[in-house]
There are 4 protein chains.
Amino acid sequence: MGKSAALRDRVLGAILTGAAAVMAQRGDSATLEDIASAAGVSRATLYRYFPTRQALLSAMTLAGIDELSARIADANLPTVPVEDAIARLVRVFVTTGSKYVALSQGSGTRSGDHPEADALLAEPVRSLFRRGITDGTLRADLDPQLLTDLFGGLIKAALDLTSSGRAGVEEASALVVSVFLTGTRA
Amino acid sequence: MGKSAALRDRVLGAILTGAAAVMAQRGDSATLEDIASAAGVSRATLYRYFPTRQALLSAMTLAGIDELSARIADANLPTVPVEDAIARLVRVFVTTGSKYVALSQGSGTRSGDHPEADALLAEPVRSLFRRGITDGTLRADLDPQLLTDLFGGLIKAALDLTSSGRAGVEEASALVVSVFLTGTRA
Amino acid sequence: MGKSAALRDRVLGAILTGAAAVMAQRGDSATLEDIASAAGVSRATLYRYFPTRQALLSAMTLAGIDELSARIADANLPTVPVEDAIARLVRVFVTTGSKYVALSQGSGTRSGDHPEADALLAEPVRSLFRRGITDGTLRADLDPQLLTDLFGGLIKAALDLTSSGRAGVEEASALVVSVFLTGTRA
Amino acid sequence: MGKSAALRDRVLGAILTGAAAVMAQRGDSATLEDIASAAGVSRATLYRYFPTRQALLSAMTLAGIDELSARIADANLPTVPVEDAIARLVRVFVTTGSKYVALSQGSGTRSGDHPEADALLAEPVRSLFRRGITDGTLRADLDPQLLTDLFGGLIKAALDLTSSGRAGVEEASALVVSVFLTGTRA
DNA sequence: CAGTAAGCGAGACGGTACGTCGGGTCTTACC
DNA sequence: GGTAAGACCCGACGTACCGTCTCGCTTACTG
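Residues numbered from 1 in each chain as written. Chains lettered and ligands numbered in written order. Predicted model: local features only at pLDDT ≥ 70, side-chain atom pairs only at ≥ 80, totals over all residues. Heavy atoms only, no water.

1. Focus: the overall build of chain A
Going by this rule: Helix and strand definitions here come from DSSP, where helices need a minimum of 4 consecutive H or I residues and strands a minimum of 2 consecutive E residues; each element is numbered from the N-terminal end. Burial classification: accessible surface area is computed with a 1.4 Å probe over protein chains only, and a residue below 20% of its type maximum counts as buried, one above 50% as exposed, and the rest as partly exposed. Contacts between residues were defined by any pair of non-hydrogen atoms, one from each residue, lying within 4.5 Å. Note that accessible areas follow from Shrake-Rupley with a 1.4 Å probe, and for residues the cover is restricted to the protein chains shown.
A count of helices and strands for chain A gives nine helices and zero strands. Listing each helix as α and each strand as β along chain A from the N terminus yields α-α-α-α-α-α-α-α-α. Along the first, second and third principal axes, the C-alpha set of chain A runs to 55 × 40 × 25 Å. The 186 residues of chain A split such that 45% are buried. Partitioning the intrachain contacts of chain A with sequence separation of at least 6 by distance along the chain shows that 68% fall at a separation of at least 24. Summing over all exposed atoms, chain A offers an accessible surface of approximately 8,800 Å²; the carbon and sulfur share of this is 56%.

So, in structure tokens, the structure goes:
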């Protein structure tokens with residue numbers, strides 16, 4: 001069964017990769033046939049892996065969430081000062097997120113679809129902000145949750161900047177870090 | 001022909017209003033049949049006003065842009081100090097924008113679709129930021145254009161907050177104003 | 001609404017006619033797409049008239065039954081001597097039935113599908129046989145119902161003969177009439 | 001290899017038997033999966049024996065033809081008077097044929113599919129009829145070939161009668177024999 | 001005031017994508 | 001070796017929506 005599982009994983013990876021590529025280019029109007037052929041499989045096989053177009057989109061989003069979550073874990077945020085941690089965080093999001101721009105702005109992002117997104121992505125950010133407030137690095141008059149939402153807006157803006165070419169990853173990241181930190185520093 | 005034109009305008013308004021309502025609730029999955037009946041007209045009439053679903057969406061966006069633009073003009077931004085002007089601007093966007101949340105996040109927002117949006121919405125903001133930099137109110141190390149993009153991200157985040165009920169209009173506005181102003185003040 | 005109904009009838013007729021033609025040629029393997037294009041309509045329209053392939057086949061059968069029934073009524077069987085009536089009947093079946101060979105042998109003829117077939121097609125035959133037995137034209141030792149079934153077998157055989165070209169309509173009819181009459185005459 | 005061949009034959013028999021059973025019950029809509037599991041084998045094995053659904057159906061028909069042919073040979077038709085031979089023939093067909101009703105009426109009976117059917121089944125009948133005509137038992141004005149076709153129609157009708165329960169094997173056979181003989185006797 | 005033209009509702013139609021299912025081909029593991 | 005398990009491709013079926021069209025009707029403008 002090892003071979004079987006390996007094949008399954010390989011095909012699944014191809015599907016997710018191809019789907020991401022096609023969605024990034026054609027947006028929501030991409031046909032399942034397009035996605036299937038981009039992944040090198042047939043439409044029927046697509047349905048064997050995902051019962052629904054929405055399920056496929058959801059899986060793509062989930063994959064993105066997982067990757068982002070992994071990169072965040074790699075960043076060892078709790079071990080560095082809050083300001084540096086925020087800077088790292090911004091870079092992680094802007095760098096990794098560019099592969100998933102379509103998702104962040106896409107129609108798949110219906111509220112409540114991915115409860116794990118909060119635990120995996122928002123919680124580290126919130127937690128970091130809480131630490132910053134506690135240790136006096138950040139302003140105490142702002143709710144960590146709302147701050148996280150605002151932070152998300154800035155990240156999306158930075159992704160727009162980079163994906164549209166109006167700014168490079170480094171420039172966009174620095175901009176966000178500078179404005180956000182200055183705006184929220186105690 | 002006066003009556004005729006009046007009828008046309010009335011029907012058109014009903015369509016745009018109904019479409020906005022239905023899109024806000026059901027998102028992109030709303031059927032043209034849904035939109036038509038919400039507007040109190042038949043599907044055929046819809047097509048008499050807009051040749052395409054995309055055209056209708058586009059018109060909705062355009063109406064939103066016009067309304068926002070009008071409110072911005074009402075705010076007389078050039079006549080008040082930069083900080084007050086920014087506060088007014090945020091309130092205008094958050095208040096008026098809630099009717100068009102679907103559009104700001106929706107799939108209709110394909111890049112390059114609405115060139116007038118830049119002139120009508122972004123330019124006043126950019127111009128305000130330029131004035132702030134010139135008169136020493138805002139930091140001089142930030143490009144007005146990029147600042148405008150960042151500002152947009154914060155506005156969208158605030159709209160998310162209000163539309164999801166996590167914060168009221170006033171709270172969200174105040175939050176954005178506080179963080180943005182602190183973050184960009186000279 | 002007169003126009004509408006007329007159009008509907010015209011399209012429906014085209015569908016049934018085209019379907020009969022295609023089924024006669026390609027048999028059960030005919031695609032709905034084939035049938036649709038043969039009828040000069042789209043596949044979607046087919047589904048607007050018949051919810052299911054089986055429903056279309058059923059309607060074809062019903063149309064055949066109705067036509068046959070009408071021809072039988074035209075033959076005024078009760079007004080002619082039994083022997084002549086049987087001859088007419090055979091000619092009606094063999095002549096008209098050739099348009100519906102596919103149905104008589106086809107997979108659509110699942111038992112119990114068309115209860116009206118008995119009343120419209122078998123009953124006249126049975127009734128004719130009853131009259132023949134009563135007036136002494138036909139043997140009295142045979143059950144009219146079973147005789148009808150046997151008669152049906154002969155008719156199908158004659159249809160096979162004509163459709164395969166092994167015999168003409170006239171020859172096949174005469175053969176059936178001769179054998180059946182001789183075999184059942186008192 | 002003796003063992004192997006024995007296994008092959010056993011599996012093949014199971015397939016044909018199971019297929020016959022399932023086809024008799026579900027008709028043409030039976031799935032290959034159904035047939036395979038009814039035969040106690042996997043779908044893949046089915047394909048190892050028959051490259052195509054049609055091939056399987058064809059093999060079933062052929063098996064029926066062979067069995068019928070054997071029973072006809074057992075009947076020693078040439079050794080008995082024509083009338084008795086016809087009676088035996090009818091009984092053979094009606095008795096044995098009940099196992100293959102599905103085939104005789106099924107969609108697998110496409111013209112020209114089984115050339116051996118003519119030699120194995122129709123020829124003995126034709127030959128018998130020729131003898132009858134020659135020795136003055138049967139009418140001389142009927143073509144043996146056409147007579148055979150008609151005979152086939154009567155046999156199918158009898159099979160319908162027995163399979164539907166409207167008549168027993170004996171009753172149906174007697175009916176066919178009586179009508180056919182009376183109808184064709186010199 | 002009567003005739004007419006423009007706009008609307010109703011709804012059929014073609015087209016296309018989606019999700020389902022069965023047929024036919026292949027590989028891998030088991031015995 | 002042959003079999004079971006099962007993935008895969010292909011193509012048909014049935015459903016739903018979009019965009020186009022034609023018809024009848026109402027209504028408001030016109031001679």
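2. Some remarks on the interface of chain C and chain D
Condition: Two parts lose some accessible area (1.4 Å probe) when they are put together, and adding that loss for both gives the buried area. Salt bridges are defined as contacts in which a side-chain nitrogen from Lys or Arg sits within 4 Å of a carboxyl oxygen from Asp or Glu. We define a polar contact as two N or O atoms separated by no more than 3.5 Å, with the added condition that, inside protein, one atom must be a possible hydrogen donor and the other a possible acceptor, whereas residues neighbouring each other in sequence contribute only through side-chain atom pairs.
Residue-level contacts link 29 residues of chain C with 31 residues of chain D. Each partner contributes to the roughly 2,400 Å² buried at the junction of chain C and chain D, and carbon and sulfur atoms together form 66% of this total. For the pair chain C and chain D, the number of links is two salt bridges. Asp149(D) is paired through a salt bridge with Arg166(C); the nearest N and O atoms lie 2.8 Å apart. Counting every contact that joins chain C to chain D gives six residue pairs in polar contact (both at pLDDT 80 or more). Counting only elements with at least two residues in the side of chain C that touches chain D, the list comes to helix H1 (2-26), helix H8 (144-164) and helix H9 (169-184) of chain C. Of the residues forming the side of chain C that touches chain D, the biggest block, 11 residues, is contributed by H8(C).

3. Notes on the interface of chain B and chain A
Size of an interface: often given as the accessible area lost when the parts come together. Taken residue by residue, the interface counts 30 residues in chain B and 29 residues in chain A. Summing the contributions of chain B and of chain A, the shared interface buries around 2,400 Å²; its carbon and sulfur component is 66%. When residues of chain B are sorted by the area they lose upon contact with chain A, Leu146(B), Leu150(B) and Val179(B) head the list and together hold 25% of the total. Across the contact surface, chain B and chain A share two salt bridges.

4. A look at unusual backbone geometry
In the Ramachandran plot, Asn76(B) falls in the positive-phi region, its phi being about 50° despite a non-glycine side chain. Inspection of the secondary structure puts Asn76(B) in the loop between helix H4 (53-74) and helix H5 (82-97).

5. Describing the side chain of His114(B)
By secondary structure assignment, the location of His114(B) is in the loop between helix H6 (101-105) and helix H7 (115-134). When its relative accessible area of 15% is taken as the criterion, His114(B) is described as buried.

6. Focus on the relation of the copies chain C and chain D
The criterion, for reference: Copy-to-copy superposition: least squares on the C-alpha atoms, limited to residues that have pLDDT of at least 70 in both copies.
Rotating chain C by 180° about the axis while translating it 0.1 Å along that axis superimposes it on chain D, leaving an RMSD of 0.4 Å. One copy is carried onto the other by what is essentially a two-fold rotation axis. Among all C-alpha atoms of chain C, that of Gly183(C) lies closest to the rotation axis, at 1.6 Å. When the interface residues of chain C are mapped onto chain D, 100% of them are again interface residues, pointing to one common binding face.

7. Comments concerning the protein's contact with DNA strand E
Note the threshold: We call a residue near a molecule or strand as soon as one heavy atom of that residue lies within 4 Å of the molecule or strand. Put simply, Ala, Val, Leu, Ile, Met, Phe, Trp, Tyr, Cys and Pro go in the nonpolar bin, Asp, Glu, Lys and Arg in the charged bin, and everything else, Gly too, in the polar bin.
The immediate surroundings of DNA strand E are formed by 34 residues, with Arg53(A), Thr45(B), Ser42(C), Thr45(C) and Arg53(D) found nearest. Among all atoms of DNA strand E positioned within 4 Å of the protein, those belonging to sugar or phosphate total 63%. Between a phosphate oxygen of DNA strand E and a side-chain N or O atom of Thr45(C), the distance comes to 2.2 Å. Between Pro51(D) and DNA strand E, the recorded distance is 3.4 Å, taken from a backbone N or O atom to a phosphate oxygen. Breaking the surface near DNA strand E down by element, the ones donating at least two residues are helix H3 (43-49) of chain A, helix H3 (43-49) of chain B, helix H3 (43-49) of chain C together with helix H3 (43-49) of chain D. Taken together, the residues of the surface near DNA strand E break down into 15 nonpolar, 10 polar and nine charged.

8. Some points on the pattern of salt bridges
Once the charged atoms of two side chains with opposite charge are near each other, the side chains can pair. Residues and elements named next belong to chain C. The full count for this structure, using the stated rule, is 40 salt bridges over all chains. The residue Asp28 makes a salt bridge to Arg53 at a minimum N-O spacing of 3.4 Å. Note that Asp28 is positioned in the loop between H1 and helix H2 (32-39) and Arg53 in helix H4 (residues 53-74), a separation of 25 residues in sequence. Since its relative accessible area comes to 33%, Asp28 is described here as partly exposed.

9. Quick notes on the relation of the copies chain B and chain A
Superposition of the two copies of the chain requires a rotation about an axis and a shift along the axis. Once chain B has been moved 0.2 Å along the axis and rotated by 180°, it coincides with chain A to within an RMSD of 0.3 Å. Interface residue correspondence from chain B to chain A reaches 97%, placing this contact among same-surface, isologous pairings.

10. So, the confidence of the model for chain A
What counts is decided by this rule: Predictor confidence is given residue by residue as pLDDT, running from a minimum of 0 to a maximum of 100.
Overall, the predicted model of chain A reaches an average pLDDT of 90, with 92% of residues at or above 70. By mean pLDDT, helix H6 (residues 101-105) of chain A is the weakest element of chain A at 65, and helix H9 (residues 169-184) of chain A is the strongest at 96.

11. Section: the packing of H9(C) against helix H8 (residues 144-164) of chain D
Just so we agree on the cut-off: All axes here are fitted lines through C-alpha atoms, helices being fitted over the stretch that makes contact, and every angle between N-to-C directions spans 0 to 180 degrees. If an angle is under 35 degrees, it is roughly parallel; if it is over 145, roughly antiparallel; if it lies from 65 to 115, roughly perpendicular; otherwise it is oblique. Here a crossing is taken to be left-handed if its near helix is turned anticlockwise relative to the far helix by less than a right angle, and right-handed if that turn runs clockwise.
At a minimum axis distance of 11 Å, the contact between H9(C) and H8(D) shows a crossing angle of 65°. In this view, H9(C) runs roughly perpendicular relative to H8(D), as classed from their interaxial angle. The chirality of how H9(C) crosses H8(D) is right-handed. Across the interface between the two elements, Glu171(C), Leu175(C), Val176(C) and Val179(C) from H9(C) touch Leu146(D), Leu147(D) and Leu150(D) from H8(D). For the contact of H9(C) with H8(D), the class distribution of residues is six nonpolar, no polar and one charged.

12. Looking at the nonpolar core
Threshold: We call a set of buried Ala, Val, Leu, Ile, Met, Phe, Trp, Tyr and Cys residues a nonpolar core when their side-chain atoms join them within 4.5 Å.
Membership of the largest hydrophobic core comes to 79 residues, with the highest contact counts inside it found for Ile86(C), Phe151(C), Ile86(D) and Phe151(D). Among residues more than four places away in sequence, those in contact with Phe151(C) are Ile86(C), Leu89(C), Val90(C), Phe93(C), Val125(C), Phe129(C) and Phe180(C). Ranked by size, the runner-up nonpolar core spans 78 residues in total, among them Ala157(A), Leu161(A), Val176(A) and Ile155(B).

13. What to know about the arrangement of the chains
A minimum C-alpha distance of 18 Å separates chain B and chain C, which share no contact. Spatially, chain B is disjoint from chain D: no contact exists, and the shortest C-alpha separation is 37 Å.

14. Some points on the side chain of Ser69(B)
When you line up the elements, Ser69(B) lands in helix H4. If we ignore the near neighbours within four places in the chain, the residues touching Ser69(B) are Leu120(B) and Leu121(B).

15. Focus on the packing of aromatic side chains
Basically, it comes down to this: Stacked, tilted and edge-to-face are the three classes assigned to paired rings of Phe, Tyr and Trp, where Trp is represented by its six-membered ring and a pair needs centres within 6.5 Å; plane angles under 30 degrees give stacked, over 60 edge-to-face, the rest tilted.
Inspection of the entire model under this criterion finds 16 aromatic pairs over all chains. Geometrically, the ring pair formed by Phe129(A) and Phe151(A) is edge-to-face, given 5.6 Å between the ring centres and 85° between the ring planes. Taken as a pair, Phe129(A) in helix H7 (residues 115-134) and Phe151(A) in helix H8 (residues 144-164) lie far apart in primary sequence, 22 residues in all. What makes Phe151(A) buried here is its relative accessible area of 3%. Here the aromatic rings of Phe93(B) and Phe151(B) are separated by 6.3 Å at their centres, their planes lie at 70°, and the arrangement is edge-to-face.

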